[in-house]
Amino acid sequence: MLDNEKKIVCKALMELCGSDGMFKVVEAEEIMERMPDVYMTKVQLSSIIRDLKERNYIKVKYFTPDEYCIQVLPIIEKEFEAPKSDLPPILAMEKGEAPEVEEAPTNNDVVSEATLVAETKKETPVVSKGLTKKVFLLALLGSFLGGAIVTAIAIIIQKFVF
């Protein structure tokens, strides 16, 4: 979920760049002109754009403090789809609004527990303690070997050069 300033910057970027999948060069001043109610410095704008990039809402080819080359990704539109009601379903029913109801799963949608367990095991790799100890020891021995080789080379160079 985005805070208010980031949502305002997103809306301004959507207006300026569109969501056609093309990179557009946008100046910081243009973005700030689209947000008349919010005072923001270029540094703050830059950090918000960097955060939106990290959250994969936009792609940035390059940026300077005054200019950005931005592509707005389609995921940003999903963020701004307004829900029918912000009220919980019980309060929405009291106000006469119909709550959104999920459809019951059909036989095709039913997933067995075995399938869920198999998918979970695929996603999370299991690392045993014995394996981590072996990896640690091999890394430690590798560092000692590398240090010994560098020391030997340094001694040989000092003997023959000096």
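Nothing here was measured: the structure is a model prediction, and the numbers come from that model.

What follows concerns the overall build of the chain. What the chain contains, in helices and strands, is seven helices and three strands. Written out in order from the N terminus, the α and β elements of the chain read α-β-α-α-β-β-α-α-α-α. The proportion of buried residues among the 162 residues of the chain is 19%. Total accessible area computed for the chain in this model is approximately 12,900 Å², and 60% of it derives from carbon and sulfur atoms.

Another point: the sheet that holds strand S1 (residues 24–27). What the three strands build is an open sheet, ordered S1-S3-S2; its pairing is antiparallel. Two strands lie at the open edges of the sheet, namely S1 and strand S2 (58–63), each paired on one side alone. This sheet shows a mean twist of 35 degrees between the axes of neighbouring strands, independent of strand direction. Note: S2 against strand S3 (residues 67–72), five bridges, orientation antiparallel. Its bridge partner being in S3, Val60 is matched across the sheet by Ile70. Contacts from helix H1 (residues 4–17) reach S1, S2 and S3, with the element oriented near 85 degrees to S3. Of the strands in this sheet, S2 and S3 are in contact with helix H3 (residues 42–54), which crosses S2 at around 130 degrees.

Attention now moves to the packing of aromatic side chains. By the definition in use, this model includes one aromatic pair. Note that Lys61 overlies the ring of Phe23, its terminal NZ or CZ placed 4.8 Å from the centroid.

What follows covers the pairing of S3. Burial analysis of S3 places five of its six residues in the buried class, which makes it a mostly covered element. Examined bridge by bridge, S1 and S3 share four bridges and lie antiparallel to one another. Bridge pairing links Lys24 to Ile70 in S3. A loop of three residues connects S2 with S3, the two strands running antiparallel in sequence.

Another point: the confidence of the model for the chain. Mean pLDDT over the chain: 76, with 68% of residues reaching 70 or higher. Across the chain, helix H7 (residues 129–161) holds the top mean pLDDT of 91, while helix H5 (residues 89–94) sits lowest at 51.

Our focus in this paragraph is the pattern of salt bridges. One pass over the structure, following the stated rule, counts five salt bridges. Between Glu15 and Arg34 there is a salt bridge, and its shortest N-O distance comes to 3.2 Å. Note that Glu15 is positioned in helix H1 and Arg34 in the loop between helix H2 (28–33) and H3, a separation of 19 residues in sequence. Ionic pairing is found between Asp66 and Lys42, a salt bridge with its closest N-O pair at 2.6 Å. Here Asp66, found in the loop between S2 and S3, pairs with Lys42, found in helix H3; they are 24 residues apart in sequence, far enough to count as distant.

Of all hydrophobic cores here, the largest spans 23 residues; its most connected members are Val9, Ile31, Leu45, Ile49, Ile58 and Ile70. Elements with a contribution of two residues or more to this core: H1, H2, H3, S2 and S3. A per-element tally of this core places H1 first, with five residues. Residues contacting Leu45, with those up to four places away along its chain left out, are Val9, Ala28, Ile31, Met32, Met40 and Tyr68.

So, how was this worked out
Residues numbered from 1 in each chain as written. Predicted model: local features only at pLDDT ≥ 70, side-chain atom pairs only at ≥ 80, totals over all residues. Heavy atoms only, no water. Helix = DSSP H or I, 4+ residues; strand = E, 2+ residues; numbered from the N terminus. Buried < 20%, exposed > 50% of the residue type's maximum accessible area, 1.4 Å probe, protein only. Areas by Shrake-Rupley, 256 points an atom, 1.4 Å probe, with all protein chains shown as cover. Pairing = 2+ DSSP bridges. Axes fitted to C-alpha atoms, helices over the stretch in contact; angles between N-to-C directions. Contact = heavy atoms within 4.5 Å. Phe/Tyr/Trp six-rings, centres within 6.5 Å; stacked < 30°, edge-to-face > 60°. Lys NZ or Arg CZ within 6 Å of the ring centre and 35° of its normal. pLDDT = per-residue confidence, 0-100. Salt bridge = Lys/Arg side-chain N within 4 Å of Asp/Glu carboxyl O. Core = buried A, V, L, I, M, F, W, Y, C linked by side-chain atoms within 4.5 Å.

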